[in-house]
Amino acid sequence: MKMKLNRRSALGLALSCGMAWATSGWAQTYPERTVTLVVPFAAGGSTDLVARVLAASMSKDLGQQVIVENVAGAGGNLGAGQVARAEPDGYTILMGTVATHALNPLMLKTKPYDPQKDFAPVSLLVLVPNVLMVNPELPVNSVQELVDLLKANPDKYSYASSGNGTPLHLSGELFKSMAGVEMQHIPYKGAGPALNDVIGNQVPIMFDNLPSSSSHIKAKTLKGLGVTTKERASSFKELPSIDETVKGYETYTWNALFAPAGTPPENVARLNKAALAALSDPDVKARMGEFSATIVGSTPEELGKHVQAEMAKWEPIVKSVGVTLD
C-alpha cells in the first residue's frame, strides 16, 4: 500500500529529517574551534604542569587547539566559579582539584558554586603525591624520628603550608591527628614563600606537592622524609610512604577535567575520549612519571563518585580543624 503525503506532512518530514541531520552533524563536528582549559591556580605549580602536558596531547586528538588559561585567586574558587558560569558548550573546561571540588566547598561561608550540581564530570586524570619535608638542620632522618621528636617536644615545632584550608595545611592536620603529635601551623600566601622559609630554617617542617619540591630534595636543600600516598612515588622510590609508619595515613592531590553543568553529553563524551587518549600517550606517560603523578583515567560517572567520596573523607577533618573561608 502506498502512503500519500500532503504538502504540509512532506514539509514536516523534511524539517524533521533536517533537524536530525543537523543535530547529528553538530555532535560529530565538536569541537569546531579552540577549547579553553582553565587552571584555577598560578602558572608553574603541579596543576598547571599537568594541564599543559595534557592540553598539548588532547589538541592532537580533538583536531583543535586546547589552550591553558590561568585564572588564579581565592584558592582556586575564582577560576572554578568562572567555568561553572561559562556557556555549557564544551569550549570552556576546568582542571579541577581536591581543593576546588572537595575542600573549598566544605570550608566556604559563601559558596560561589556547587561542586556537584554546577559541573559535568569528564574524567579523573592523575593522582599527585604530597611529601613531608624538613630543613636539613632538623635532627631527624625518618618519619618515625620526626614523630618521636614532636612527642618529646609538644608545641615546640611548627610547620608551614601554602595557606589556611589548603590541601597542604590539612595534610599536616591529618598527620598530627593520626600520629598523635602537636605542631603549630604557620600559613603562607602560597607554597613558594613557605618553601623559602623552610629552606631558610625559619620554619622547620612542611608538606608540599612532590613535583614542586623534588628539585629541592634532590639538591638536598630540603630533606624528604616520606610521601603521603600509600604507594611509594615512582620517581622517588627511596622515599618511604608515611603509611609505613603512621598506618592508614593517606593524602594526595588529584587533577580532573570538568565542564559546566548542562554541557551536551556527546561533547562530554568527546572530551573524555580525548583525555583518555592523552593519558595513554607514551610521551604524556613519561612526563607524568617525571612529576611522580599516577595516571588514573575514568568515566564521567566514576569521577562523579570520586568527588562524593572525597567530600565525605575530608568533611570530618575540616570540622575538627574548624577552618572556614570567606
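Residues numbered from 1 in each chain as written. Predicted model: local features only at pLDDT ≥ 70, side-chain atom pairs only at ≥ 80, totals over all residues. Heavy atoms only, no water.

Engineer: How should I be thinking about the side chain of Thr 263 in this particular structure?
Structural biologist: Position of Thr 263 among the secondary structure elements: in the loop between β9 (252-260) and α9 (265-279). Looking at Thr 263, its side chain comes within polar contact range of the main-chain oxygen of Pro 260, at 2.6 Å. (Helix = DSSP H or I, 4+ residues; strand = E, 2+ residues; numbered from the N terminus. Polar contact = N/O pair within 3.5 Å; in protein donor to acceptor, adjacent residues only side chain to side chain.)

Engineer: Hey, could you run me through the packing of aromatic side chains in this one?
Structural biologist: Pairs of aromatic rings are described using the distance from one ring centre to the other and the angle between the two planes. Within this structure, the stated rule accounts for five aromatic pairs. Measuring from ring centre to ring centre gives 5.9 Å for Phe 119 and Phe 258, while their planes differ by 70°; the resulting arrangement is edge-to-face. Highlighted residues: Phe 119 in strand β4 (residues 119-134) and Phe 258 in strand β9, separated in sequence by 139 residues. Looking at Phe 119, the relative accessible area reads 4%, which means it is buried. Relative to Tyr 249, the ring of Phe 175 has its centre 6.1 Å away and its plane inclined at 85°; by these criteria the two rings are edge-to-face. Linking Phe 175 in helix α6 (residues 167-179) with Tyr 249 in the loop between β8 (223-227) and β9, this pair joins segments that are 74 residues apart in sequence. For the pair Phe 175 and Tyr 249, one class covers both residues: buried. Within the aromatic cluster, the residues linked to one another by ring pairs are Tyr 113, Phe 119 and Phe 258. Sitting over the ring of Tyr 91, Arg 33 keeps its end group 3.8 Å from the ring centre. (Phe/Tyr/Trp six-rings, centres within 6.5 Å; stacked < 30°, edge-to-face > 60°. Buried < 20%, exposed > 50% of the residue type's maximum accessible area, 1.4 Å probe, protein only. Lys NZ or Arg CZ within 6 Å of the ring centre and 35° of its normal.)

Engineer: What should I look at first to understand the environment of Gly 224 in this one?
Structural biologist: The topology assignment puts Gly 224 in strand β8. On the basis of relative accessible area, Gly 224 is assigned to the buried category, the value being 18%. For Gly 224 and His 185, which are 39 residues apart along the polypeptide, the C-alpha to C-alpha distance reads 19 Å. Contact partners of Gly 224, with chain neighbours within four places excluded, come to Leu 132, Met 133, Ile 217 and Leu 239. (Contact = heavy atoms within 4.5 Å.)

Engineer: Quick question: what am I supposed to make of helix α3 (residues 77-84) here?
Structural biologist: Since there are 3.6 residues in each turn of an α-helix, residues three or four apart along the chain are aligned in direction. With respect to burial, α3 is a largely interior element, six of its eight residues being buried. Residues Asn 77, Gly 79, Ala 80, Gly 81, Val 83 and Ala 84 constitute the buried set of α3. Of the surrounding elements, those touching the buried residues of α3 are β1 (35-39), β3 (92-97), α4 (98-107), β4 and β9.

Engineer: Before we go on, may I ask you to explain the nonpolar core in this structure?
Structural biologist: Burial of nonpolar side chains together is a common tendency in soluble globular proteins. Within the largest apolar cluster, 49 residues are counted, with the highest numbers of intra-cluster contacts made by Leu 132, Leu 146, Phe 175 and Ile 205. Residue assignment for this core shows that the elements contributing at least two residues are α3, α4, β4, α5 (143-152), α6, β7 (205-209), β9 and α11 (300-321). The element best represented in this core is α11, accounting for six residues. When sequence neighbours within four positions are dropped, the list of residues in contact with Leu 146 reads Leu 132, Leu 138, Val 140, Phe 175, Ile 205 and Leu 225. Grouped together as the second largest cluster of nonpolar side chains are 33 residues, Val 66, Ile 93, Val 128 and Ala 275 included. (Core = buried A, V, L, I, M, F, W, Y, C linked by side-chain atoms within 4.5 Å.)

Engineer: How do you make sense of the pattern of salt bridges when you look at a structure like this?
Structural biologist: Evaluation of the coordinates by the stated rule reveals nine salt bridges. The shortest N-O distance in the salt bridge between Asp 61 and Lys 273 comes to 3.8 Å. One end of the pair, Asp 61, is in helix α2 (residues 46-62); the other, Lys 273, is in helix α9, with 212 residues separating them in the sequence. Asp 61 gets classed as partly exposed once you look at its relative accessible area, which sits at 25%. By relative accessible area, Lys 273 is classed as partly exposed at 47%. The residue Glu 173 makes a salt bridge to Lys 176 at a minimum N-O spacing of 3.4 Å. Of the two residues, Glu 173 and Lys 176 are both situated in helix α6; the distance of three residues between them amounts to about one turn of the helix. (Salt bridge = Lys/Arg side-chain N within 4 Å of Asp/Glu carboxyl O.)

Engineer: What am I meant to see in the layout of surface pockets here?
Structural biologist: A water-sized probe, rolled over the atoms, reveals where empty space remains. Counted as a void, the largest pocket has a volume near 860 Å³. Taken together, 39 residues form the lining of the largest pocket, with Phe 41, Ser 162, Thr 166, Gly 190 and Ala 191 sitting closest to its centre. Broken down by secondary-structure element, the contributors of at least two residues to the lining of the largest pocket are α2, α4, α6, α7 (191-199) and β7. The residue makeup of the lining of the largest pocket, split by class, is 15 nonpolar, 20 polar and four charged. Within this model, the second largest pocket holds a volume of roughly 160 Å³. What lines the second largest pocket is a set of 13 residues, and nearest its centre among them are Pro 129, Thr 229, Glu 231, Arg 232 and Thr 294. (1 Å grid on protein atoms, 1.4 Å probe; cavity = no way out; pocket = protein on both sides within 12 Å on 5 of 7 lines; lining within 4 Å. Points joined across faces, edges and corners; volume = space filled by probe spheres on them. Nonpolar A, V, L, I, M, F, W, Y, C, P; charged D, E, K, R; others polar.)

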